[in-house]
Amino acid sequence: MRLEPSPKSDLNSRLLVQQSNSKAQHNKSEVCLAETKSHSSPASMMNMFLKVGQSPKSSMISTSDNDSDEQNDLNPGSWRQAIFKNVVTPNKQTKDTENVKKKLDADDLRALWKKAINQQVLLIRMEKENAKLKERQEEATVKRIKLEYDDIGSSAREYLGVWETIVNKENRKFDAKMLRQAIRQGVPRSKRGDVWIFFAELYCNTTAPSPIDLEKFPNFNVPYEQLLKQLTKYQHAILIDLGRTFPNHTYFMSPFGPGQLALYNLLKAYSLLDPEVGYCQGLCFVAGVLLLHMSEEQAYMMLKHLMFRRSLRKQYLPDMAALQVQLYQLSRLLHDYHPDLYAHFDNCDIPPTLYAAPWFLTMFASQFPLGFVARIFDILFFENIDVLFRVILSLLTYHKDNLLACDGMEQIMNFIKNDFPVVNKEIIDKILKQVFTTDLSKQLMEYGVEYHVLQEELSSPSPELKKIKHLEEMNKTLMQQNKILHEQLEISITNNGRLEMNRSSNLSAINRLESEVKSLELTVATLGNFVSKLAYANSNIEIPPDVLGLISQINMCRSRRNDNKQININNMFSKPQLEIPYKIKPMLEKSLSDSKNILKKSIIEEINQEEVNKKNCLKSSKSNYELFSNVNNLNNNGLHPLDCEDVNVCYSGTTKLRSIKPVRSNSDGHFILPNIVAIDVDDSLCKRDKNENIELNTSAINGN
C-alpha cells in the first residue's frame, strides 16, 4: 500500500511548478499574454502581477546567469510578488495540468476508495452520536422540567451514598435501619423514580403475589405499546380531567402538550388493563406523580404495581366499598385518639367524607404541594398504604387546636382547604416524625373487622324488621290492587256516564214516542167518536170493517184496564208484606181492614164515576142520534184512553167518512163492533195498564 503524500510537501511542489511557469511566461511578449489570457480569469490576474517582474525567491531558485540579478535590482516590485505568492492559493490551472499529466495506478485507486469508505463510516458514526447526544439533551431538559417543584426537606448529604448504592444496579447493598433513616430524611428528586422502582421490586421479592384472573383481566400481560393502539370507552372522561391535573406545573400546563399526552396514554392503557375500574377521578393525580419521576412505560408498571400488588384498586371500584371502610377506620381512629376533635366535627356535621375522601383518592396530590406528596410516596413505596392513615392523623393532631377554635362547618372546611396545604420543612419534619413513630396496623385491622360485622348485622333483618318488611310488601300489594280498582272505578264511572247519556236519550225518545202514541190514541178516539156520531146522524153510511175493529179494540182495552185495577187491589190486600208481631197483630189487622175498605171504596167510586162520565158522553137510545151529543166536554170527561189534553189532534183523512154505516151500542155504552184487533193500540194500552198497576202496588206498600 502506497503512502499518501503529506499536504505540506504537496504545497511546496505546487509552488515550485508555479515559479517555473512564471519564469517561462516572462520571456514571452506582453502582447501574446494579452491575447491568450482573459482578464476575467484568476490566471489573468496572476499574469498581471508577472508583468511587473520576478520575485526574489524565483531569482534565487533559478540557475540563470547574472542578468537575473541585475533585473531584480531594476524591478522594485519583485519582492511584493514573492509575498503575494506565499499567501495566494497555487494556480488551479497548473494543478489541473499536473493531475492530467500524472496517471494513477490500481494501488492509488484502491487507497482512494478505502479512504472514501472510512470517511463515510466516520460520518455516519458521528451522525448517530449527534442524535444520541441530542436525545440525551432533550431527556435531560424534560427531566429538569418534570422536577421543577420545591423539594421540601431535602435529603442529608450523609445519606447520599445510600441512594447511590440503591440506584447502582450492580452492587445493591443496604442496611434496613440506615435505609429507614434515609427515607425519613427524604429521597433526592433526581433519584426518586429509580428508588421507587427499587422499593417495588423489593416488595415483589418479599411478598407472595396474589393470583390474577386472566379471564377477568385479559390485557394484564399485554405490553404497553400494544395497549396504546387500542380504543377505550373512558376517553371522554380522561380528556376532561387532563386539564385539571397539576394545572400549575410546567410539564402539564400546555394543552395536549407532552405532559398531557403522556398522562392520557398512561390512563388509557390502565383503563384497558382493568375494565372493572376503568377510570376514576383521582387516579389521574397518582399517574401524574409517577410520570414526573420516570418514563411512560415505567410509570405504567408502577401504577399497575400500586393497583394490584398494593391493593389500591379497591378504593377505585364503582361501589367504593374499600373507601367506605377507610373512612370508617379514620373515624374510629379520630374517636379513640382525639375524642374532643371527633365530638367537635360531629357537632358541626362534618363527616370524614368531606375532607378525607380526596386525600385517599389522590394521595394528597390534589390539595398539597408536590414536595409533600413526593415524601408521602417515598414512605408509601417503602411500607404500605396504611401510611395514609398515619399522615392524616398527624395532620389533624398538628392542627387540632386551630380546628377546635373554629366555629361552624364553613369555617372548619375553609381552614382545612386553605391552611392544611401550607407545609414547610419544620411542619413536615414534625408530621413525618409522628408518622414513623406511630403504628396503627392493629387498630386498622380491628376497625375493618368491626365494619364488616356491623354491615352483616344491619344487612340481616330482625323478626320485627321481617314483619315490617312483610307488611310493607302487603301494603305495596294492596296499593297496587287499590290502583287497579281505582282505574276500574274510573272506567265504570265513564261507562256509567255514557250509559246515563244513552238512558237520557232513550227516555227522551220514549217520551217522544209516548207523546206520539197519546196523540194517535186521542186521534183514534176522536175519530171513533166522530165516526159514531156520524153513524148515528146518518144511518145510511156503511162503516168499513177496519174502523169497526178499531172501535171494538178501544172498548176491549178499556174493559181490560178496569179489570186489572180490581185484581191489583185484591192482590194487594190478600198478601201480607211483613211479619207482624203477635201482640200488635189484632190492632194492625183492624187498621189494615179499615184502610182496605176505605181504599176499596174510593177506587170503586172512581170507577163508577168513570162509568158515569162515559155514559154521559156515550148513551144509547133507540134513535142513536143522541150519542156523543156533548162533544164540547170531550177533553174534560176523560173519554180518550190516556187522558192527554196537550196533544194536537189532526183530523186528516176524513173525506171518506160519508160511507160509514151506523153502529149500535149495548146497554153499557160500548160500541158493538166485529172481532178485528188492532195490535198496536192493544200493546200501547196494555203497557199503560201495567205501569199504573205498578204505581198502585208501590203506593199501597208505602201506605202499609
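Residues numbered from 1 in each chain as written. Predicted model: local features only at pLDDT ≥ 70, side-chain atom pairs only at ≥ 80, totals over all residues. Heavy atoms only, no water.

Caption draft 1: Seen up close, the overall build of the chain. Looking only at helices and strands, one finds 31 helices and zero strands in the chain. For the chain, the share of sequence-separated contacts (at least 6 apart) that also reach a separation of at least 24 residues comes to 78%. Put simply, the chain shows about 44,100 Å² of open surface, and 55% of that area lies on carbon and sulfur atoms. (Helix = DSSP H or I, 4+ residues; strand = E, 2+ residues; numbered from the N terminus. Contact = heavy atoms within 4.5 Å. Areas by Shrake-Rupley, 256 points an atom, 1.4 Å probe, with all protein chains shown as cover.)

Caption draft 2: Summary view of the packing of helix α13 (residues 235-242) against helix α15 (residues 258-273). Viewed as axis vectors pointing N to C, α13 and α15 meet at an angle of 145°, and their least axial separation amounts to 10 Å. Crossing of α13 over α15 shows right-handed handedness. Each of Gln 235, Ile 238, Leu 239 and Leu 242 in α13 lies in contact with α15, whose residues at this interface are Gln 260, Leu 263, Tyr 264, Leu 267 and Lys 268. (Axes fitted to C-alpha atoms, helices over the stretch in contact; angles between N-to-C directions. Left-handed = near helix turned anticlockwise from the far one by under 90°.)

Caption draft 3: Region of interest: the side chain of Arg 313. Structurally, the position occupied by Arg 313 is in the loop between α17 (296-309) and α18 (321-337). The contact partners of Arg 313, leaving out residues within four places of it in the chain, are Phe 217, Tyr 270, Asp 274, Glu 276, Val 277, Met 307 and Phe 308.

Caption draft 4: Fine view of helix α19 (residues 339-347). Within the span of α19, buried status applies to Leu 341, His 344 and Phe 345. Buried residues in α19, looked at end-on, bunch into an arc of 95°, giving them a common side. At the exit of α19 stands Asp 349, carrying a positive phi of roughly 55°. (Buried < 20%, exposed > 50% of the residue type's maximum accessible area, 1.4 Å probe, protein only. Arc of directions from axis to C-beta.)

Caption draft 5: Representation of the packing of aromatic side chains in the model. Under the criterion given, the structure shown has 23 aromatic pairs. A ring pair is formed by Phe 217 and Phe 308, whose centres lie 5.3 Å apart and whose planes are at 85°; its orientation type is edge-to-face. Within this pair, whereas Phe 217 is found in the loop between α11 (192-206) and α12 (224-228), its partner Phe 308 is found in helix α17, the two being separated by 91 residues in sequence. Here the two residues Phe 217 and Phe 308 agree in accessibility, since each one is buried. Ring centres 5.2 Å apart and planes at 55° place the aromatic pair Phe 360 and Phe 389 in the tilted group. In this pair, Phe 360 sits in helix α21 (residues 357-362) while Phe 389 sits in helix α23 (residues 387-398), placing the two residues 29 residues apart along the sequence. The rings of Phe 345, Tyr 355, Trp 359, Phe 364, Phe 368, Phe 372, Phe 415 and Phe 420 are connected pair by pair, giving a single aromatic cluster. Positioned over the ring face of Phe 220 is Lys 304, at 4.0 Å from the centre of the ring. (Phe/Tyr/Trp six-rings, centres within 6.5 Å; stacked < 30°, edge-to-face > 60°. Lys NZ or Arg CZ within 6 Å of the ring centre and 35° of its normal.)

Caption draft 6: Main features of unusual backbone geometry. Of note, Phe 256 is a non-glycine position whose phi angle comes to about 55°, a positive value. Tracing the chain through its elements places Phe 256 in the loop between α14 (250-253) and α15. Here Phe 256 falls in the exposed class, since its relative accessible area comes to 64%.

Caption draft 7: Here's a closer look at the pattern of salt bridges. Considering all chains together, one arrives at 18 salt bridges under this definition. The salt bridge partner of Arg 144 is Glu 148, with a shortest N-O separation of 3.5 Å. Between Arg 332 and Glu 450 there is a salt bridge, with the nearest N and O atoms lying 3.1 Å from each other. Separated by 118 residues along the polypeptide, Arg 332 in helix α18 and Glu 450 in helix α27 (residues 441-459) bring together distant segments of the chain. For Glu 450, a relative accessible area of 28% corresponds to the partly exposed category. Taken together, the salt bridges that share partners define one network made up of Lys 216, Asp 274, Glu 276 and Arg 313. (Salt bridge = Lys/Arg side-chain N within 4 Å of Asp/Glu carboxyl O.)

Caption draft 8: Looking closely at the nonpolar core. By size, the foremost hydrophobic cluster in this structure holds 111 residues, and its most contacted members are Trp 163 and Phe 364. The contacts of Phe 364, once residues within four sequence positions are left out, are Trp 359, Phe 372, Val 373, Ile 376, Leu 388, Val 391, Ile 392 and Leu 395. (Core = buried A, V, L, I, M, F, W, Y, C linked by side-chain atoms within 4.5 Å.)

Caption draft 9: Summary view of the packing of helix α16 (residues 283-291) against α17. At a minimum axis distance of 9 Å, the contact between α16 and α17 shows a crossing angle of 130°. Considered as vectors, α16 and α17 are oriented oblique to each other. Like other packed secondary-structure pairs, α16 and α17 cross with a definite hand, here right-handed. Where α16 approaches α17, its residues Leu 283, Val 286, Ala 287, Leu 290 and Leu 291 are matched on the opposing element by Glu 296, Ala 299, Met 302, Leu 303, Leu 306 and Met 307. For the contact of α16 with α17, the residue count by class is 10 nonpolar, no polar and one charged. (Parallel < 35°, antiparallel > 145°, perpendicular 65-115°, else oblique. Nonpolar A, V, L, I, M, F, W, Y, C, P; charged D, E, K, R; others polar.)

Caption draft 10: Spatial organisation of a positive patch on the surface. A grouping of Arg 125, Lys 128, Lys 132 and Arg 136 is seen on the molecular surface, where their side chains present a positively charged patch. Position of Arg 125 among the secondary structure elements: in helix α8 (residues 106-146). (Patch = residues over 30% accessible without salt bridge, like charges linked within 9 Å, V, L, I, M, F, W, Y side chains within 5 Å. Lys, Arg positive; Asp, Glu negative; His and termini not counted. Charge placed at Lys NZ, Arg CZ, Asp CG, Glu CD.)

Caption draft 11: Structural detail: a nonpolar patch on the surface. A cluster of nonpolar side chains, contributed by Leu 104, Leu 109 and Leu 112, occupies part of the molecular surface with about 280 Å² of accessible area. Structurally, Leu 109 can be placed in helix α8.

Caption draft 12: Spotlight on the confidence of the model for the chain. Counting all residues, the mean pLDDT for the chain is 74, and 66% of those residues have values of 70 or more. No element of the chain has a lower mean pLDDT than helix α2 (residues 30-36), which averages 38, and none a higher one than α16, which averages 95. Across residues 22-74, where pLDDT falls below 50, the model places 52 contacts with residues more than four positions away in sequence or in other chains. Scored below 50 in pLDDT, residues 617-682 shows 134 contacts in the model against residues more than four places distant or in partner chains. (pLDDT = per-residue confidence, 0-100.)

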